[in-house]
Amino acid sequence: MNPGPIDLCAAEDLSEHGRAYTFDLMWQGECVSAFALRFKGRVVAYLNRCAHMPAEMDWNPGEFLDADRSFILCSIHGASYDPRNGQCAGGPCGRGALVALAVKEEGGRVTWYPSAGFEPLSFT
Ligand code: FES
């Protein structure tokens, strides 16, 4: 059963290339962290799980971007990801990618649309 859209935060909470909104969800039977951030005007969201090793990546809570605010940078071993699509852009993530979540910005809110295999914590 699909839980339907999940409201995450106000659109204005996500500043351009700024701090991410973080939240937890169930994925493959495991509670994992995820984040949404605004990059080049668009809101994107991914699991907070590096493709190199299953570790959380943020430097400080909600801080995922590098010093130039150009790439998502894993704080563990420095893998970098293109924020637009989650593809590895350098470092030990090889041909890997972040796991993307379907999000939309509408009516001044950021909404997550869970797909198969993803569930909000409150739904389990
Ligand atoms: S765990 Fe992210 S680069 Fe190694």
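Owing to the predicted nature of the structure, the values given are computational and were not obtained by experimental measurement.

Rules behind the numbers
- Residues numbered from 1 in each chain as written.
- Predicted model: local features only at pLDDT ≥ 70, side-chain atom pairs only at ≥ 80, totals over all residues.
- Heavy atoms only, no water.
- Helix = DSSP H or I, 4+ residues; strand = E, 2+ residues; numbered from the N terminus.
- Rg over C-alpha atoms; globule rule 2.2 N^0.38 Å.
- Buried < 20%, exposed > 50% of the residue type's maximum accessible area, 1.4 Å probe, protein only.
- Contact = heavy atoms within 4.5 Å.
- Areas by Shrake-Rupley, 256 points an atom, 1.4 Å probe, with all protein chains shown as cover.
- Disulfide = S-S within 2.5 Å.
- Salt bridge = Lys/Arg side-chain N within 4 Å of Asp/Glu carboxyl O.
- Core = buried A, V, L, I, M, F, W, Y, C linked by side-chain atoms within 4.5 Å.
- Pairing = 2+ DSSP bridges.
- Axes fitted to C-alpha atoms, helices over the stretch in contact; angles between N-to-C directions.

## Some remarks on the overall build of the chain
For the chain, the helix and strand inventory stands at zero helices and eleven strands. Here the C-alpha radius of gyration of the chain, 14 Å, is about what a compact globule of 124 residues would show, namely 14 Å. By the burial criterion, 43% of the 124 residues in the chain qualify as buried. In the chain, the proportion of contacts linking residues at least 24 apart, taken out of those at least 6 apart, comes to 46%. Total accessible area on the chain is roughly 6500 Å²; 49% of this is exposed by carbon and sulfur atoms.

## Remarks on the state of the cysteines
Summed over the entire model, instances satisfying the criterion amount to one disulfide. Between the sulfur of Cys 88 and that of Cys 93 lies a disulfide, 2.0 Å long from S to S. Taking the sign of the S-S torsion, 70° for the link of Cys 88 and Cys 93, the bridge is right-handed. Cys 9 forms no disulfide, and the closest cysteine sulfur to it belongs to Cys 31, at a distance of 18 Å. Relative accessible area serves as the criterion here: at 47%, Cys 31 is assigned to the partly exposed category.

## Here we look at the pattern of salt bridges
Tallied over the entire structure, the rule returns six salt bridges. Among the ionic pairs, Glu 63 bridges to Arg 19, the shortest N-O distance being 3.3 Å. Taken together, the residues span a long stretch of sequence, with Glu 63 in the loop between β4 (42–47) and β5 (72–73) and Arg 19 in the loop between β1 (6–10) and β2 (21–27) at a distance of 44 residues. One network of salt bridges, in which partners are shared, links Arg 19, Glu 63 and Arg 69.

## Describing the nonpolar core
In terms of nonpolar packing, the biggest core is built from 18 residues, with Leu 25, Leu 47, Leu 101 and Trp 112 touching the most fellow members. In contact with Trp 112, not counting residues within four places along its chain, are Gly 4, Pro 5, Ile 6, Leu 8, Phe 23, Leu 25, Leu 101, Ala 102, Val 103, Phe 118, Glu 119 and Pro 120. Judged by nonpolar contacts, the second largest core, of 17 residues, contains Leu 37, Leu 65, Cys 88 and Leu 98.

## Some thoughts on the side chain of Ser 80
Structurally, Ser 80 is set in strand β6 (residues 80–81). Ignoring sequence-local partners within four residues, the contact set of Ser 80 consists of Phe 71, Ile 72, Leu 73, Gln 87, Cys 88, Ala 89, Gly 90 and Cys 93.

## Digging into the sheet that holds strand β9 (residues 103–106)
Here three strands make up an open sheet; going across it, the order is β1-β10-β9 and the pairing antiparallel. The open sheet has two edge strands with one neighbour each: β1 and β9. When the angles between neighbouring strand axes are averaged without regard to direction, this sheet yields 30°. Both β9 and strand β10 (residues 109–112) contribute to a ladder of four bridges, which runs antiparallel. Bridge pairing links Val 103 to Trp 112 in β10.

## Some words on the side chain of Ser 33
Looking at where Ser 33 falls in the secondary structure, it is placed in strand β3 (residues 30–39). Among the residues examined, Ser 33 registers a relative accessible area of 11% and is labelled buried. If we ignore the near neighbours within four places in the chain, the residues touching Ser 33 are Phe 23, Asp 24, Leu 47, Asn 48 and Glu 56.

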